[in-house]
Amino acid sequence: MKNNGNSSGTPIIVWFRKDLRLGDNHALHAAAQTGRDIIPVYIREPADSENGPLGAAQGWWLHHSLKSLEADLDSIGSRLVLRSGKPDTALADLINETGASDIYWNRRYDPKGIAVDTPLKDQLSDQGVTVKSFAGQLLHEPLRLKTGSGTPYKVYTPFWRALEAAGEPDHPLDRPEKLAAPDRWPASNDLASWKLLPQKPDWAKSFSEVWTPGEAAALERLEAFVDDGMSGYKTRRDLPSVDGTSGLSPYLAMGEISPARIWHATRNLHNVPADDVITFRKELAWRDFSYHLLFHNPDLPRENLNRKYDAFAWSGTSDAFDRWTKGETGYPVVDAGMRQLWRHGTMHNRVRMIAASFLIKDLLIDWRRGEAWFRDTLVDADPASNAASWQWVAGSGADASPFFRVFNPILQGEKFDPDGIYVKTFVPELQDLPAKFVHRPFEAPEAVLKTAGVTLGQTYPQPLVDHAKARDRALAAYNKIKDAA
Ligand code: FAD
């Protein structure tokens, strides 16, 4: 350790985590303000560590995001140092190699991140290293919002009111124009050696049809959404066949854009109806609410928030789970969603709810299996939003949709994708079915199926379950636990 207690003039390590951006990055901004040399670092934590690993789809995203951050840092005279290993060891090595005396980072609020950061901060401070942590991942930090009695929120609407009452998040900070660089850069891992990109098969090859990771792409997407997409958001956000939402979730998940920047971009929009702006802000606040829940209930991804669901008799089979993952349930809107997930690493929010309800209620498969599948396959996989949303659909979560509200995949499809455009995009074998049957091919007359080139059980699956019977079965299972304390 080279620290001698006098930190002026020594380099500052800025440890990037899920904040892979230059703009509105409080840790980076504060470090740049000092005028001292900055060593930006990203540490790939070991797969078996508390904080690893990311899902496979997000690994793809991370690779491209780090490349983009590297280029952005390069453009302001700096670099990104890549290291792998446990953060305490990786940072100790860097301190030894560079003589850095300070480490700055932005706080994270997931239990695994906290489990790494809290002891690390103490350990580094004990060693005489100055550690400074900053806010920026959320609109407001989880401890800031409390009910009148000082307890955490469990219901969204009062949480939203408190969030609004807390005032606007801080105005986003500009990106630094220049970072001072050390005379000698410490060694860096070769990103390719991390093997974040799938090789054979390259299952992510179609991700780039819809996604460009990185801060610049996030800012472009935000601008395009504010200019053209936000007007009408309240109704269009529910239609999976239209580009009616911001598409910002993977950028938020990796911190390529801050929620504060998004919030501020929705101010003073004179040509967007206020209702659309409020609806959008409320969605953004669901992300904060999810973190609030996770922060106060660290077991959220693993344990039912409402413990009466512990006794629920999950009886679904592995075969049914496999067919759900592959988009072969025989319910077109569910299959389209699951195939969109595989092809593009994302799924429309409305369809996420339908597909999740189908897994939990029609197939009686534990929500945790669905949560894990989404975590591995979504580019926007987020420890808080994913867990909170799965528990919301299961009925076991905070302010959750009641279990007995079972989404009907046929009626949901007909309501939100009336012409079957979304279904036909991802389930092309139903391309020629008339809209009347696109969500219920199993009810189509033989002649209609024949004309459309559909043979159920061959070109497209027979339904895995009969929804009406599956619903009764789910409600019967629920009735056995519903009165438990
Ligand atoms: P927009 O409609 O443009 O919304 C703007 C932002 O608000 C989003 O980017 C997101 O950060 C936030 N947001 C919107 N809806 C929600 C919500 N219901 N909960 C929390 N935040 C929300 N979202 C994730 O970011 N990561 C996940 O892993 C995730 N898993 C989900 C699993 C299930 C079963 C369900 C039903 C929903 C899940 N969501 C998750 C929430 C939601 O589906 C996505 O945030 C949304 O589809 C992202 O698209 P968008 O950025 O275009 O959203």
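Residues numbered from 1 in each chain as written. Predicted model: local features only at pLDDT ≥ 70, side-chain atom pairs only at ≥ 80, totals over all residues. Heavy atoms only, no water.

**Structural notes on the pattern of salt bridges**
Let me state the cut-off plainly: In the sections that follow, a salt bridge refers to a side-chain nitrogen of Lys or Arg positioned within 4 Å of a carboxyl oxygen of Asp or Glu. Secondary structure is summarised from DSSP: a helix means a run of H or I of at least four residues, a strand means a run of E of at least two, and numbering begins at the N terminus for each. Burial classes: relative accessible area under 20% of the type maximum marks a residue as buried, over 50% as exposed, and values in between as partly exposed (1.4 Å probe, protein chains only).
Scanning all chains against the criterion turns up 19 salt bridges. With a closest N to O distance of 2.7 Å, aspartate 117 and arginine 17 form a salt bridge. A residue pair is termed long-range when its members are at least 10 positions apart, and aspartate 117 in helix H4 (residues 111-126) and arginine 17 in the loop between strand S1 (12-16) and helix H1 (26-33) qualify at 100 residues. Each member of the pair aspartate 117 and arginine 17 is classed as buried. Note that arginine 302 and aspartate 299 form a salt bridge whose closest N and O atoms lie 2.8 Å from each other. Under the relative-accessibility criterion, aspartate 299 is labelled partly exposed at 40%.

**Topic: helix H14 (residues 349-362)**
Using the following cut-off: How far a helix is expected to stretch is found by multiplying one less than its residue total by 1.5 Å.
Helix length check: H14, at 14 residues, gives a terminal C-alpha distance of 19 Å against a target of 20 Å (1.5 Å per residue), a fit within 8%. Most of H14 sits inside the fold, with 13 of its 14 residues counted as buried. Backbone geometry just after H14 places leucine 364 at a positive phi near 55°.

**A few points about the domain arrangement of the protein**
Often the size quoted for an interface is simply the accessible area lost on bringing the parts together. Defined as follows: What counts as a domain boundary in this text is fixed by an automatic or database domain assignment. Buried area is calculated as the accessible area (1.4 Å probe) missing from two parts once they are joined, with the contributions of both summed. Whenever a nitrogen or oxygen atom comes within 3.5 Å of another N or O atom, the pair is scored as a polar contact, on the condition that within protein one atom can donate a hydrogen and the other can accept it, and that pairs from neighbouring residues in sequence are kept only if both atoms are in side chains. Ten residues, namely Ala, Val, Leu, Ile, Met, Phe, Trp, Tyr, Cys and Pro, are considered nonpolar, four, namely Asp, Glu, Lys and Arg, are considered charged, and the remaining ones, Gly among them, are considered polar.
Domain assignment breaks the protein into domain 1 (12-137), domain 2 (138-170 + 213-296) and domain 3 (307-480). Averaged C-alpha coordinates put domain 1 and domain 2 at centres separated by 25 Å. Considering only the surface of domain 1 that becomes buried against domain 2, Trp61, Tyr109 and Gln137 emerge as the three largest contributors, covering 37% of it. Arginine 107 is the partner of glutamate 141 in a salt bridge, and the nearest nitrogen-oxygen pair spans 2.8 Å. Here domain 1 is connected to domain 2 by 13 residue pairs in polar contact (both at pLDDT 80 or more). At the level of secondary structure, the elements contributing two or more residues to the side of domain 1 that touches domain 2 comprise helix H2 (56-75) and H4. Top element by residues in the side of domain 1 that touches domain 2 is H2. It accounts for eight residues. Per-class residue counts for the side of domain 1 that touches domain 2 are 10 nonpolar, eight polar and seven charged.

**Details of the sheet that holds strand S4 (residues 102-106)**
Cut-off, in case you're wondering: Only when DSSP finds a minimum of two bridges between them are two strands counted as paired. To obtain each axis, a line is fitted to C-alpha atoms, and for helices this fit is confined to the stretch in contact; angles are then taken between N-to-C directions over 0 to 180 degrees.
The five strands lie next to each other as S3-S2-S1-S4-S5, forming an open sheet whose pairing is parallel. Two strands close off the open sheet at either side, each with one partner strand: strand S3 (81-84) and strand S5 (130-134). For this sheet, the mean inter-axis angle between neighbouring strands, taken without regard to orientation, is 30°. Relative to S4, S1 is paired through four bridges, and the arrangement is parallel. Bridged to tryptophan 15 within S4 is tryptophan 105.

**Quick notes on the nonpolar core**
Heads up, the rule is: Remark: nonpolar core denotes a set of buried residues (Ala, Val, Leu, Ile, Met, Phe, Trp, Tyr, Cys) joined through side-chain atoms within 4.5 Å.
Tyr42, Leu66 and Met230 are the most contacted members of the largest nonpolar core, which has 70 residues in total. At eight residues, the largest contribution of residues to this core is made by helix H11 (residues 274-296). Grouped together as the second largest cluster of nonpolar side chains are 53 residues, Phe321, Trp367, Phe437 and Ala470 included.

**Side note on the site of the ligand**
Heads up, the rule is: The criterion for a residue being near a molecule or strand is simple. One of its heavy atoms has to lie within 4 Å of it. Only the protein chains shown count as cover for residues, and the accessible areas themselves come from Shrake-Rupley with a 1.4 Å probe.
Tyr233, Thr245, Ser246, Gly247 and Asn349 are the nearest of the 26 residues found near the ligand. Between a nitrogen atom of the ligand and a side-chain N or O atom of glutamate 283, the distance comes to 3.0 Å. Across the complex, the protein chains shield 94% of the 820 Å² of accessible surface that the ligand would expose by itself. Listing elements by their share of the shell around the ligand, those giving two or more residues are helix H9 (249-253), H11, H14 and helix H16 (383-394). With six residues, H11 is the largest single contributor of residues to the shell around the ligand. Here the residues of the shell around the ligand are counted per class, giving 12 nonpolar, nine polar and five charged. Domain assignment of the residues forming the shell around the ligand places at least three in each of domain 2 (138-170 + 213-296) and domain 3 (307-480).

**Brief notes about helix H13 (residues 332-344)**
Taking 1.5 Å per residue, 13 residues should reach 18 Å; H13 reaches 17 Å between its end C-alpha atoms and fits that length. Burial runs high along H13: 11 of the 13 residues are buried. Buried within H13 are the following residues: Pro332, Val333, Val334, Asp335, Ala336, Gly337, Met338, Arg339, Gln340, Leu341 and His344.

**Description of the environment of alanine 311**
Within the element layout of this structure, alanine 311 appears in the loop between H11 and helix H12 (318-326). Counting along the chain gives 76 residues from alanine 311 to alanine 387, while the straight-line C-alpha distance between them is 19 Å.

**Structural notes on unusual backbone geometry**
Here the amide bond leading from lysine 200 into proline 201 is cis, since omega sits at -5°, within 30 degrees of zero. Positionally, proline 201 belongs in the loop between helix H5 (156-165) and helix H6 (207-210). Despite not being glycine, aspartate 24 shows a phi value in the positive range, around 45°. Relative to the assigned elements, aspartate 24 resides in the loop between S1 and H1. Owing to a relative accessible area of 2%, aspartate 24 belongs among the buried residues under this scheme. Unlike most non-glycine residues, asparagine 268 shows phi in positive territory, near 55°. If you trace the backbone, asparagine 268 turns up in the loop between helix H10 (259-265) and H11.

**Digging into a negative patch on the surface**
Let me state the cut-off plainly: For patch detection, residues must exceed 30% relative accessible area and be free of salt bridges, and they are connected within 9 Å for like charges or within 5 Å for nonpolar side chains (Val, Leu, Ile, Met, Phe, Trp, Tyr). Only four residue types enter the charge count: Lys and Arg as positive, Asp and Glu as negative, with His and the chain ends excluded. In this description, the location of a charge corresponds to atom NZ of lysine, CZ of arginine, CG of aspartate or CD of glutamate.
The grouping of Glu220, Glu223, Asp227 and Asp228 at the surface amounts to a negative patch. Mapping aspartate 228 onto the fold places it in helix H7 (residues 215-229). Classification of aspartate 228 as exposed rests on a relative accessible area of 64%.

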